[in-house]
Amino acid sequence: MRVGLVCPYTWDVPGGVQQHVGDLAEALIGLGHRVSVLAPCDSETELPPHIVSAGRAIAVPYNGSVARLSFGLRAAAKVRRWIREGDFDVLHVHEPAAPSLSLLACWVAEGPIVATFHTSNPRSRAMAASATMLRTALEKVNGRIAVSEAARKTLVEHLGGDAVLIPNGVLVDRYTEAEPLQGWPGEGGAIGFLGRMDEPRKGLSVLLQAFDRIGPDFPGLRLLLAGPGDAEEARAKIAPALRDRVVSLGLVSEADKVRVYHSVDVFCAPNLGGESFGIVLTEAMSAGAAILASDIPAFRHVLREGRAGQLFPTGDPAALAAGAVELLHDPDRRAALSRAARVAVQPYDWSAVAADVVRVYEAVLPEPDAPVVAARPVAETG
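Every value quoted in this text rests on a predicted model; they were computed, and no experiment measured them. Numbering of residues starts from 1 in every chain and runs along the sequence as written. With the structure being a predicted model, the display of local features is reserved for residues of pLDDT at least 70 and the display and counting of side-chain atom pairs for 80 or more, all residues being used for whole-chain, interface and lining totals. As a rule here, side-chain values come from all non-hydrogen atoms in the structure, and water together with hydrogens is ignored.

(A) Summary view of the packing of aromatic side chains. Only Phe, Tyr and Trp rings take part, Trp by its six-membered ring, and two of them pair if their centres are within 6.5 Å. Stacked means planes under 30 degrees apart, edge-to-face means over 60, and tilted covers everything else. Counted according to the given criterion, the structure contains four aromatic pairs. Their ring planes at 50 degrees and their centres at 6.4 Å tell us that F71 and W107 sit as a pair that is tilted. One end of the pair, F71, is in the loop between strand 5 (65–69) and helix 2 (73–86); the other, W107, is in helix 3 (residues 101–108), and 36 residues separate them in sequence. Consider the rings of Y175 and Y261, whose centres lie 6.0 Å apart with planes at 65 degrees: the pair is edge-to-face. A helix here means a DSSP run of H or I that spans at least four residues, while a strand means a run of E at least two residues long, and both kinds are numbered starting from the N terminus.

Spelled out as structure tokens, the structure:
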């Protein structure tokens, strides 16, 4: 099968949707399908042969964050050309409700279209305000996928219709084994965080407040941060005596990201909301990390209501601190959570998830030899 995947967010900046699209592409290729991915990207960036750059993106506020998207007439022309050259059997767009390549692809393409919805935001004023415009594009979508019940609910409430639930995938084997980073976790123990430090909804400030509380009682305890953002600004939020125990790696490679999960005693996901799934959790679960996560719906579901990872009330640094202390003092509890996490993550392996996605493709395919085509602009039809 010839599959065209459209990623709305820039390929240059790590993110859950980009990770999802990239891993799905690899899984589909592994199953024998021909795949091309269109994404915003710096044209000078070295890309795998199946990734096609749609040019630079611009920063746009979206879903409580700042997304880097590509939109407009020039982007539409690139989408149209890519579709014409791709001769795809099915077009699979991601997050088409955003002003992005995915929305443009829905407008431009004619033929089988599948859309995956990632966003969880029941109070999205932008989506509600643009619902009428979005429907003109989404009416052309033949198959809808939501990565979580929260994402499905957001779709239903704002745009109507429904979607089949297929979770985010994770390449479990990629995370199972890795050497810890040199010197980690250390005799005093370590708590880990992975995410954009300067994005409030990732909840790093809650973790820093908690570390401020427990640091004095654990003299050797360190906090390992991985992800883009201003490390000095983060350190400034805690007591001066603790700042040298906060170590930031910045943006890490895929290999070092795997090592981070294996370098800490407790992996913390203190996110405040806006997460439809929690791919960082499935990565940590694949690594067998003992997880301490905020009790948002997406995390609660992936962690099986707390059986595969410990939950704490969202946004509560005191509760986070208490949970961290409990886990740091109890290696047997950490080991039990590790075992439970490795079991709970198996249904999210891409080998299973990609097969479910292919079944959606097969359900929307028309007669043989009827590929996706790009509708001609009005100027070409006169």
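(B) Structural detail: the environment of A178. Within the secondary structure, A178 sits in the loop between helix 7 (172–176) and strand 11 (190–194). Note: C-alpha distance between A178 and C41 (137 residues apart in sequence) is 30 Å.

(C) Expanded view of the pairing of strand 11. Most of strand 11 sits inside the fold, with four of its five residues counted as buried. The criterion for strand pairing is that DSSP finds at least two bridges linking the strands in question. Bridge analysis of strand 11 against strand 12 (residues 222–226) gives five bridges, and the strand direction is parallel. From the neighbouring strand, G192 faces strand 12, where its bridge partner is L224. Exposure is judged per residue with a 1.4 Å probe applied to protein chains only, and the accessible area is read against the type maximum: over 50% gives exposed, under 20% gives buried, and values in between give partly exposed.

(D) Highlighting unusual backbone geometry. Going from W184 to P185, the amide bond is cis rather than trans, its omega being 0 degrees. Tracing the backbone through its elements, the reader meets P185 in the loop between helix 7 and strand 11. One non-glycine residue, D87, adopts positive backbone phi at about 50 degrees. Here D87 lies in the loop between helix 2 and strand 6 (90–94). Residue R304 is not a glycine yet carries a positive backbone phi of 55 degrees. Tracing the backbone shows R304 in the loop between helix 12 (297–302) and strand 16 (310–312). On the basis of relative accessible area, R304 is assigned to the partly exposed category, the value being 35%.

(E) Quick peek at the side chain of Q310. Tracing the sequence through the fold places Q310 in strand 16. Given a relative accessible area of 9%, Q310 falls into the buried group. Under the rule applied, a polar contact is a pair of N or O atoms within 3.5 Å (in protein, one hydrogen donor and one hydrogen acceptor; residues adjacent in sequence only if both atoms are side-chain atoms). Polar side-chain contacts of Q310 include one of 3.1 Å to the side chain of R333.

(F) Summary view of helix 2. A helix is expected to span 1.5 Å multiplied by its residue count minus one. The end-to-end C-alpha separation of helix 2 is 20 Å, in line with the 20 Å expected for 14 residues at 1.5 Å each. All buried positions along helix 2 are accounted for by A75, A76, V79, R80, W82, I83 and G86. One side of helix 2 holds all its buried residues, which, seen down the axis, span an arc of 165 degrees. Of the exposed residues in helix 2, the ones pointing more than 90 degrees away from its buried face are L73, R74 and E85. Note on helix 2: the residue one or two positions beyond its end, D87, has a positive phi of about 50 degrees. For this quantity, the arc is that covered by the directions from the helix axis to the C-beta atoms.

Such coordinate-based values are descriptive only and should not be taken to indicate function.
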